[in-house]
Amino acid sequence: MTIKVVRTGLHVTVQDLGRFGFQKYGVIAGGAMDTGAARAANLLVGNADNEAVLEITLTGTELFIEKDTLLAICGARMSVTAGGELLPLWRPALVRAGTSVKFGACQSGCRSYLAVAGGLDVPEVLGSKSTYLRGAIGGFFGRALKADDVLAAKAPSLLSERMEHALRLGWNGSFALPHWHASHFAIADNLADPIIRAMTGTHYELFTEASRAGLFSQSFQISVQSDRMGYRLEGTEKLKLAKPLELLSEAVANGTVQVPADGDPIVLLADRQTTGGYPRIAQVASVDIAVFAQLKPGERFRFERITQQEAEQLYLDSERDMRMLKAAIALKFNAAK
Amino acid sequence: MEKTATELQAPIEMLPLGDSAIIIRLGSSIDEETNRIVMNLSRRFEEKPFAGLIECVPSFVSVAIHYDPLLVKRSRAAAELQHATIFETVCARVQTYLSLGQLNASGQAARTIEIPVCYGGEHGPDLGLVAEHNGLTEEEVIAIHAGGIYLVHMLGFAPGFPYLGGMSERIAAPRHQTPRTIIPQGSVGIAGKQTGVYSIATPGGWQLIGRTPLALFRPQDEIPSLLRPGDSVRFKPITERQYKLFLEGEL
């Protein structure tokens with residue numbers, strides 16, 4: 001398959017699940033912001049979950065499909081059309097050569113993931129295909145996509161070939177679809193009054209009593225100064241340390257909530273620096289990082305406090321769901337053969 | 001863990017960094033002794049990683065481990081099955097590394113890396129300010145900066161960016177009130193009592209005293225950084241001409 005970029009809209013990059021093993025050299029982890037959607041999109045086209053996908057931010061992207069392509073789009077709840085017809089999300093679609101795929105109005109969420117059978121064919125740099133813009137490495141020549149870029153896919157897996165073969169019998173205009181979908185992973189469909197579950201951070205006890213309580217009682221708004229590196233939050237109360245503190249820089253993680261001197265917390269995300277020196281009041285549970293990453297500037301949410309044990313159990317449960325999706329897809333197409 | 005208690009001045013803290021990482025804190029202040037323990041422990045994890053370990057990130061006084069909770073849980077030994085949390089299992093595994101031999105041993109042979117620097121001029125626009133701030137001549141600032149031996153305590157902030165220890169306070173200088181929007185790659189700067197090298201072009205507020213033609217971030221290499229935590233660094237003054245020759249690959 002080949003896909004030509006007609007318009008990028010706001011921001012489109014190639015991402016996988018991240019670059020690991022080099023954080024000790026200051027190389028960021030990166031990777032998809034909503035890993036659940038990126039993984040599901042890959043599984044839906046018969047790929048391993050870590051293949052390179054397109055991360056499409058908000059609306060305005062238009063892609064031209066040059067050859068018949070098995071693809072899946074997961075993530076934000078938005079109207080995507082192929083050849084002018086609404087293309088359902090969260091399910092594989094065999095899209096006919098010569099079709100334009102347009103990303104339109106966004107009802108909720110802000111990031112979509114497009115996977116193609118075989119995975120996007122970009123080289124691995126330091127063990128990952130994720131774009132690291134500031135380091136100018138990974139993804140598509142180390143940069144965001146622009147108009148006229150042409151992307152190719154690697155050879156599809158046997159499973160992908162079987163899926164494509166099965167779908168080829170059911171063309172209906174510009175694309176062919178199966179009857180099933182995986183929309184139970186569609187986080188962005190449930191973003192009204194979002195609750196983000198979090199554990200207390202390593203410096204939680206050092207904040208004032210009011211700040212500690214305020215973290216879990218007030219609602220926060222996502223600031224416009226937010227990006228893949230981190231989301232700045234604005235609450236009604238500034239968060240303050242009980243007494244001044246000089247900290248030494250040390251490692252941070254995806255979802256670390258740190259509080260600089262101005263009292264407005266920052267939630268570190270995929271493109272975070274490897275280390276940080278601000279006090280850490282909280283840590284978003286891994287399972288809710290994907291939920292959080294679908295929130296847009298201006299949207300509000302609340303933190304809910306959970307324990308380490310609860311966060312671990314939620315993580316294990318979500319991994320079990322992901323394995324079940326993978327197994328279900330494999331079963332469908334091995335049985336169909 | 002009697003042995004570790006005697007090896008270290010401060011008690012070891014193990015703190016969860018969310019549900020998939022742990023911070024092992026081995027001290028509370030920046031010093032070479034603590035940093036050596038950090039590097040030795042980090043090396044132990046890398047030489048013999050436990051099941052589920054993804055990567056280690058050493059810093060001034062701590063080692064962080066990013067791990068996969070599912071792989072840790074699946075690999076639990078009989079004795080670990082009673083743990084209430086996966087974090088508890090990780091802590092128990094970390095304990096075994098802490099009890100293996102001397103953490104404060106001088107460790108593997110340290111590398112000393114020489115970094116050529118063209119001081120002053122267009123490459124070091126703030127050299128005069130740093131001199132003035134400290135009542136020194138520019139030549140004295142260069143001599144003091146290039147006369148020191150610096151320890152790479154950690155890498156962070158940007159790929160290949162070293163946090164160096166050991167700068168003389170005689171050339172300390174405050175950051176710029178307003179950071180520059182872009183600082184060229186290779187710029188050598190001073191901020192307070194720290195010195196460092198901008199490994200990629202970024203915004204920043206450090207006082208720029210020179211520039212190196214060496215690339216600190218090397219994405220094409222297996223180890224993508226010129227410097228590694230634990231290395232020693234020495235700055236060597238070079239002329240503008242040598243700087244150019246170096247960039248052209250002729251030096």
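Each remark here, short or long, concerns the structure printed above.
**Re the interface of chain B and chain A**
Inference 1: Listed as interface residues are 53 residues of chain B and, on the opposing side, 40 residues of chain A.
Inference 2: Where chain B abuts chain A, roughly 3600 Å² becomes buried across the two surfaces, and 61% of that area is made up of carbon and sulfur atoms.
Inference 3: On inspection of chain B and its partner chain A, the count reaches two salt bridges.
Inference 4: Glu250(A) is the salt-bridge partner of Arg25(B), the closest N and O atoms lying 2.5 Å from each other.
Inference 5: Where chain B packs against chain A, one counts 14 residue pairs in polar contact (both at pLDDT 80 or more).
Inference 6: Where the side of chain B that touches chain A is concerned, the elements lending two or more residues are strand 1 (13–16), strand 2 (21–25), strand 3 (53–58), strand 4 (62–67), helix 3 (69–74), helix 4 (86–98) and strand 6 (150–155) of chain B.
Inference 7: Here the side of chain B that touches chain A takes five residues from strand 3 of chain B, the largest share from any one element.

**Remarks on unusual backbone geometry**
Most peptide bonds adopt trans geometry, and most residues besides glycine take a negative phi value.
All names here are of chain A.
Inference 1: For alanine 136, which is not a glycine, the phi torsion comes out positive at approximately 55°.
Inference 2: Along the polypeptide, alanine 136 turns up in the loop between strand 8 (99–116) and strand 9 (150–152).
Inference 3: For aspartate 193, which is not glycine, the phi dihedral falls at a positive 45°.
Inference 4: If you trace the backbone, aspartate 193 turns up in the loop between strand 10 (175–176) and strand 11 (195–200).

**Focus on the nonpolar core**
Generally speaking, nonpolar side chains in soluble globular proteins are found buried as a group.
Inference 1: Formed by 88 residues in total, the largest nonpolar core has its most connected members in Leu54(A), Leu114(A), Phe292(A) and Phe303(A).
Inference 2: Among the elements that line this core, the one with the most residues is strand 5 (residues 69–82) of chain A, at nine residues.
Inference 3: Other than its neighbours up to four places away in sequence, Leu114(A) contacts Ile3(A), Val53(A), Leu54(A), Ile56(A), Leu63(A), Leu71(A), Ala72(A), Ile73(A) and Phe103(A).
Inference 4: Grouped together as the second largest cluster of nonpolar side chains are 50 residues, Val61(B), Val117(B), Tyr119(B) and Ile190(B) included.

**Remarks on the packing of helix 2 (residues 32–47) of chain B against helix 4 of chain B**
All names here are of chain B.
Inference 1: Contact geometry of helix 2 with helix 4 gives a least axis separation of 10 Å together with a crossing angle of 115°. Compared by their axis directions, helix 2 and helix 4 come out roughly perpendicular. In the crossing of helix 2 with helix 4, the sense of the turn from one axis to the other is right-handed. Contacts from Leu41, Arg44 and Phe45 in helix 2 reach Val94, Tyr97 and Leu98 in helix 4.
Inference 2: When its residues are assigned to classes, the contact of helix 2 with helix 4 shows five nonpolar, no polar and one charged.

Rules used throughout
- Residues numbered from 1 in each chain as written.
- Chains lettered and ligands numbered in written order.
- Predicted model: local features only at pLDDT ≥ 70, side-chain atom pairs only at ≥ 80, totals over all residues.
- Heavy atoms only, no water.
- Contact = heavy atoms within 4.5 Å.
- Buried area = accessible area lost by both parts, 1.4 Å probe.
- Salt bridge = Lys/Arg side-chain N within 4 Å of Asp/Glu carboxyl O.
- Polar contact = N/O pair within 3.5 Å; in protein donor to acceptor, adjacent residues only side chain to side chain.
- Helix = DSSP H or I, 4+ residues; strand = E, 2+ residues; numbered from the N terminus.
- Core = buried A, V, L, I, M, F, W, Y, C linked by side-chain atoms within 4.5 Å.
- Buried < 20%, exposed > 50% of the residue type's maximum accessible area, 1.4 Å probe, protein only.
- Axes fitted to C-alpha atoms, helices over the stretch in contact; angles between N-to-C directions.
- Parallel < 35°, antiparallel > 145°, perpendicular 65-115°, else oblique.
- Left-handed = near helix turned anticlockwise from the far one by under 90°.
- Nonpolar A, V, L, I, M, F, W, Y, C, P; charged D, E, K, R; others polar.

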